[in-house]
Structure formats: C-alpha cells, structure tokens
Amino acid sequence: MNRVIRISAVLFCAGLLLLNFRAAADTIVLKNGRRITAMSVVEEGDKVKYQTSAGELSLPKSIVDHIEKGGAVAVAGAPGADAANLAIAPPETQPRGGGGSEEIAHAAVHDGSIDREYIARLESEARGGTKQANFNAAMGHHAASIFELSHGDLEHALTDERTALIYAPEEPALLMNVAYTHLRRSEYKQSLDYLERARRVVPDSPEVAKLEGWAYYGLNKMDQAVAEWKRALALRPDAEVRAALDKAQRDKQEEENYKENESSHFTLKYSGAAEPALARDVLRNLEMHFSAIESALNYSPPDSIGVILYTQEAFADITKAPGWVGALNDGRIRVPVQGLASVDQELSRVLKHELTHSFIQQKTHGHAPTWVQEGLAQWMEGQRSGESAAVLAQIYTDGHAVPMGGLEGSWMGLSGNGARYAYAWALAIIEYIVETDGMGDIERILDRVGSGMATEAAVKEVVHSDYNDLMQSTAEYLRKTYGH
Ligand SMILES: [Zn+2]
C-alpha cells in the first residue's frame, strides 16, 4: 500500500483506566488470514473503520475478507500510552523532619474533605516560627495535596504542595510529590528541578531515581531514563520500574537503528530504510504546520516534539498496536511511511492532525476532553462538516444526539455509529465555534481547561452557552450553512 492509513488517536484517556475494560468486540478477518479484534467496526466507503485503545483506525476494504460480529474481549492498555500515563503510583515516602505528621493528616482531611480552617490555624501557628510549627503547616498542606492528587485534581494538588514547601523546603516527600504531580501534567523539565533538589537531600532514594527515569522518558532522553530506572531497581525491586524499563529499552533498541534529524521544533527519528529525503520533507512539512497551528492557537509548545517515522512492521512491534495501524500520537507523533518517497497530501493532513494533538496536549497539560482534541485536530487538517451536516442535524432533531458530556472521556465504549458520529459532532461543534466567533474562542477555552476548569464551565464563560445550548446552536448552524 502506497498510502498512510489515517487514524485519530485518543491520547489523553487511553491509559490506565482502560485496563480490564470489557466490551463487545468484532473480529476483522483479512484476506491474508490475519485476524484483528476490534470494537465498533463499521464499513464506510472503501474503508473499514474500528476503535482500539489507540483511537479510531481504518483499513482499506480491499484487504478485508470478512467481519465476524460479537464476542467479548478484555482490552489492554493503550499501546505506547502517553508518557504522562505511565503506570507509576505516587511516591511512597514518609516525611522525615519532626513527628506527628499522621495526626495532622487525619485532622487536615476528614469526612471526605479538606479542613481549610484547621490548615489556616497551622499556618498562623507557623508564623510564630518554631521548627515544629513550620513542619506542621507543611504537613497540613501536604495532606491536602495527597487528597487532591487522589481525586485527580492536579492543579490544586500542585498549589498545596508548593505551599507546603515554603514551610519545609528541604523535605524530600514534598519535593517528590511536586515532581510527581508535574510528571502527571507532562511537565517533565519542571519535575526534574524538584527531583534534583530531593536528590541533594536523599542521594540514594529509589523513589527519586524512579521519578527521574520517568522525567527523562517524557523528555525522550532514553539513555538517561534507562540509567535512572536501572539505578532505582538496584536500590529496590519494583514491578512498576521493571515494566517502565522494559518499555524504554524496547524503544531505545529500536531507535538506535534510527537516524536522527532535528529542526527548530522537532526531533525526528527514522529507520535506515526510510529515505533521508523523505525525512527532510516530513520536517519541512511539520514546520510549516507548526507555524500555522501556532498562529491559529496563539501558542507555542515549549518542549521539542518527538516524531518517529516507522516502516509498517517496526511500528507494530514497538507500539504493540494491531497491524495496519496508521499514525498515532502518544506523546510522540508516530507515523508509518512504508513505500512513501515524499510527503503527499494525505500524509501532510495526517501530520497536521497529529501535530494539533501535541499542541492541545501541551497547552492544556493533557486536560482537553476527547471532543475538543478530535474536533480541533480534524478542523486543523482541513475537514469540514459538509457531508455529515444533514445527517447530524436530523439526528439532533430526532433527539438521538449523544449529550456532549458523553463525548468528553474515552470513546471506546461507543457503538459503531456512535463512534463515527462522535468524530462528526466534535468537528461540527468546533467548526460552529470557530465560524461564529473565531479561533480566539477556542484559544480561550483551551486556556481555561489548561488551568483546571471543567470544559463545560470554560465553554460557558467563553461562548456563553452550556453544553445543551451549544449542541442546539451547532445543529442550527449545520442546517443554515449546509441546508438547501
Ligand atoms: Zn485524532
């Protein structure tokens, strides 16, 4: 096949939550005998589309023999899940300085909520200045941070732990917890700063080495990631580190055979089998898209974006994704380019789509819901609602549209049509917002989501509609714009 098969990867929710997720599955049987287990299989034009933990994938119909419906399957975690989603639990360290931290934790968080009055009292006692009083205030905020972290509230977890550090700046447990929260937010460089501080206090901590490995992994520094994780294992056996190390070594081994190119915003790797001219062409194309997306979103991702060009087989080996997988973005943009000599129109669209995911991911610290990710990625690559407008408007009129709240998380559980329409709705909603008030509104929504606001609240502040209103306005827009 001389073309890239398109997919849209779901990169933020396809992590740990999907382990043990069970759903009805179909089997796609290819003419070469290969069997692919998949969910939500639909035939569409000359393609067969299906959902996997890596997002929607598609195959050319010409290679499919038949589809077997039904059956149930346990879906494994995302192939090559985003580095932010590594299966690594928060550090387990007891604060070192002073005693009584457990009593303080119980008093600071009880009955399922944080006792802010109690913490405020600890803080006013700390103003007296004894070492123990300062330690107590730190422990109050630390307990609040742990509670928030366990509820997925990374924004407040970070604020509380940073406040705790003001009272106990050398406490490794606090430094590691700030670092851990940054890692969960894909903020690898910031995380390293705190880990280096922790290492100065506890040079032989396996927890510090474990988290440093994760930070380097996120920064695509595989040698350092492997070194830190080996160091962590030498200090203490740890199944999470073992699994992460195996994955990093697989990536590293594969990538050692790869040549490397760099441009201002990208680090690109490709196997010897790919043409150097193609690699340069891909970088030129990506830089062009980078400028376009940068000015559209008025945002420039601070970290260099990793891109890997694969021959089809290497791609499946590394990501453990099913065969015939197209491009995906799991923190790095992974693109199969077998048989291509230069960037054609379809590859260019795929690159722009996946690059948009990287921008949104970095701008929102991984907090953008699926409909924003996929809607904006489709819009940026140049898709518009034209063909699906009439059908969507009709579905809405009939009251069969999925409520927008249902488009926020993973789309894995949706039926075949449900998944197809989820992409179409996501595009239509983004298109409506952009066409009505301009890309500035999208930028403002992303900013708010990035600072921890719920997406519907962000939408309400920016476009003054709740989800129901927005859906209705989108349906009206589709009718008005594309109707007869
Ligand atoms: Zn996508």
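One can find the structure itself at the top, above this paragraph.
Everything in this summary refers to the structure shown in the same document.

Calculation notes
Once a new chain begins, its residue numbering starts again from 1 and follows that chain's sequence as written. Owing to the predicted nature of the model, reporting of local features is limited to residues with pLDDT of at least 70; listing and counting of side-chain atom pairs is limited to 80 or more, with chain, interface and lining totals taken over all residues. With hydrogens and water excluded, all non-hydrogen atoms of the structure serve as input to the side-chain values. Note on geometry: axes are C-alpha line fits, over the in-contact stretch for helices, and angles between N-to-C directions span 0 to 180 degrees. Strands here mean DSSP runs of E at least two residues long; helices mean DSSP runs of H or I at least four residues long; both are numbered from the N terminus. Oblique is the label for every angle not falling under 35 degrees (roughly parallel), over 145 degrees (roughly antiparallel), or within 65 to 115 degrees (roughly perpendicular). It is the rotation of the near helix from the far one that decides the hand of a crossing: anticlockwise by less than a right angle makes it left-handed, clockwise makes it right-handed. Residues are treated as being in contact if the distance between any of their heavy atoms lies within 4.5 Å. Under the scheme applied, nonpolar residues are Ala, Val, Leu, Ile, Met, Phe, Trp, Tyr, Cys and Pro; charged residues are Asp, Glu, Lys and Arg; polar residues are all the others, including Gly. What counts as a salt bridge is simple: a side-chain nitrogen of Lys or Arg found within 4 Å of a carboxyl oxygen of Asp or Glu. Residue burial is assigned from relative accessible area. The probe radius is 1.4 Å, only protein chains are included, and a residue is buried under 20% of its type maximum, exposed over 50%, and partly exposed in between. A helix is expected to span 1.5 Å for every residue after the first. Only strands joined by at least two bridges in the DSSP assignment are considered to pair. Because water is not among the atoms used, a metal site may look incomplete, as its donors are only the N, O and S atoms within 2.8 Å, or 3.2 Å for Na, K and Ca. The rule is short: rings of Phe, Tyr and Trp, with Trp giving its six-membered ring, pair when the centres are within 6.5 Å, and they are stacked under 30 degrees, edge-to-face over 60, tilted in between. Counted as over-ring charges are cases with an Arg CZ or a Lys NZ within 6 Å of the ring centre that also lie within 35 degrees of the ring normal. The charge count includes Lys and Arg as positive and Asp and Glu as negative, but it does not include His or the ends of the chains. Polar contact criterion, stated in full: a pair of N or O atoms within 3.5 Å, where within protein one must be able to donate a hydrogen and the other to accept it, and residues adjacent in sequence count only if both atoms are side-chain atoms. For the purposes of this section, nonpolar cores are sets of buried Ala, Val, Leu, Ile, Met, Phe, Trp, Tyr and Cys residues that join through side-chain atoms within 4.5 Å.

**Description of the packing of helix H4 (residues 154-167) against helix H5 (residues 172-184)**
Here is step 1: In contact at an axis separation of 9 Å, H4 and H5 are set at 155° when each is read in the N-to-C sense. Looking at the two axes, H4 sits roughly antiparallel to H5. The hand of the H4/H5 crossing is left-handed. Each of Leu154, Ala157, Leu158, Glu161, Arg162, Ala164 and Leu165 in H4 lies in contact with H5, whose residues at this interface are Leu174, Leu175, Asn177, Val178, Thr181, His182 and Arg184.
Here is step 2: Residue composition of the contact of H4 with H5, by class: 8 nonpolar, 3 polar and 3 charged.

**Thoughts on unusual backbone geometry**
Here is step 1: Positive phi outside glycine occurs at His365, with the angle close to 50°.
Here is step 2: With respect to the element layout, His365 can be found in the loop between helix H12 (345-363) and helix H13 (370-380).
Here is step 3: With phi around 60°, His464 is a residue other than glycine that occupies positive phi space.
Here is step 4: Inspection of the secondary structure assignment puts His464 in the loop between helix H17 (455-463) and helix H18 (467-482).

**Here we look at the pattern of salt bridges**
Here is step 1: All told, the structure shown has 17 salt bridges when counted by the stated rule.
Here is step 2: The closest approach of N and O atoms between Arg349 and Glu381, which form a salt bridge, is 3.4 Å. In this pair, Arg349 is assigned in helix H12 and Glu381 in the loop between H13 and helix H14 (386-397), connecting sequence segments 32 residues apart.
Here is step 3: By relative accessible area, which is 7% here, Glu381 ends up buried.
Here is step 4: Here Lys363 makes a salt bridge to Asp447, at a shortest N to O gap of 2.7 Å. Of this pair, Lys363 sits in helix H12 while Asp447 sits in helix H16 (residues 439-450), and the two are 84 residues apart along the sequence.

**Comments concerning H4**
Here is step 1: Given a rise of 1.5 Å per residue, 14 residues ought to cover 20 Å, and the 20 Å separating the end C-alpha atoms of H4 matches this to within 8%.
Here is step 2: Here H4 has its buried residues at Leu154, Ala157, Leu158, Asp160, Glu161, Thr163, Ala164 and Leu165.
Here is step 3: Looking at the packing, one finds that the buried side of H4 touches helix H2 (116-126), helix H3 (131-150), H5 and helix H6 (188-201).

**Description of the pairing of strand E10 (residues 258-262)**
Here is step 1: In terms of strand pairing, E10 meets strand E11 (residues 266-271) through 5 bridges, oriented antiparallel. The residue of E11 that forms the bridge with Tyr258 is Ser271.

**Some remarks on the coordination of the zinc ion**
Here is step 1: Note on the zinc ion: its protein donors are His353 (NE2), His357 (NE2) and Glu374 (OE). The metal-donor distances range over 2.1 Å.
Here is step 2: When the donor residues of the zinc ion are listed from N- to C-terminus, their spacing reads H-x3-H-x16-E. With His353 in helix H12 and Glu374 in helix H13, this residue pair connects regions lying 21 residues apart in the sequence. The exposure classification of His353 matches that of Glu374, with both residues buried.

**A few points about the packing of aromatic side chains**
Here is step 1: What the rule picks out here adds up to 8 aromatic pairs.
Here is step 2: Grouping aromatic residues by their ring pairs yields a cluster made of Phe266, Phe290, Tyr299 and Phe359.
Here is step 3: Geometry around Trp379 places Arg384 over its ring, the cationic atom sitting 3.8 Å from the centre.
Here is step 4: Looking at Arg420, its charged tip hangs above the ring of Tyr421, at a distance of 5.4 Å from the centre.

**Things to note about the side chain of Glu287**
Here is step 1: Relative to the elements of secondary structure, Glu287 occurs in helix H10 (residues 276-297).
Here is step 2: Among buried charged residues, Glu287 stands out as having no salt bridge; its nearest opposite-charge side chain is Arg284, 11 Å away.
Here is step 3: A polar atom in the side chain of Glu287 sits 2.8 Å from the side chain of His265.
Here is step 4: Residues in contact with Glu287, not counting those within four places in the same chain, are Ser263, Ser264, His265 and Phe266.

**Some words on the nonpolar core**
As a rule of thumb, nonpolar side chains are buried together in soluble globular proteins.
Here is step 1: Core analysis: the largest hydrophobic core is formed by 65 residues, its most contacted members being Val282, Leu297, Leu309, Leu355, Trp371, Leu376 and Ile442.
Here is step 2: Looking at this core element by element, the count peaks at 12 residues for helix H15 (residues 416-437).
Here is step 3: Ranked by size, the runner-up nonpolar core spans 55 residues in total, among them Ile104, Ala164, Met222 and Val226.

**Comments concerning H12**
Here is step 1: With 19 residues, H12 extends 27 Å between its outermost C-alpha atoms, agreeing within 8% with the 27 Å of an ideal straight helix rising 1.5 Å per residue.
Here is step 2: Buried residues dominate H12, accounting for 16 of its 19 residues.
Here is step 3: The first or second residue beyond H12 is His365, which carries a positive phi of 50°.

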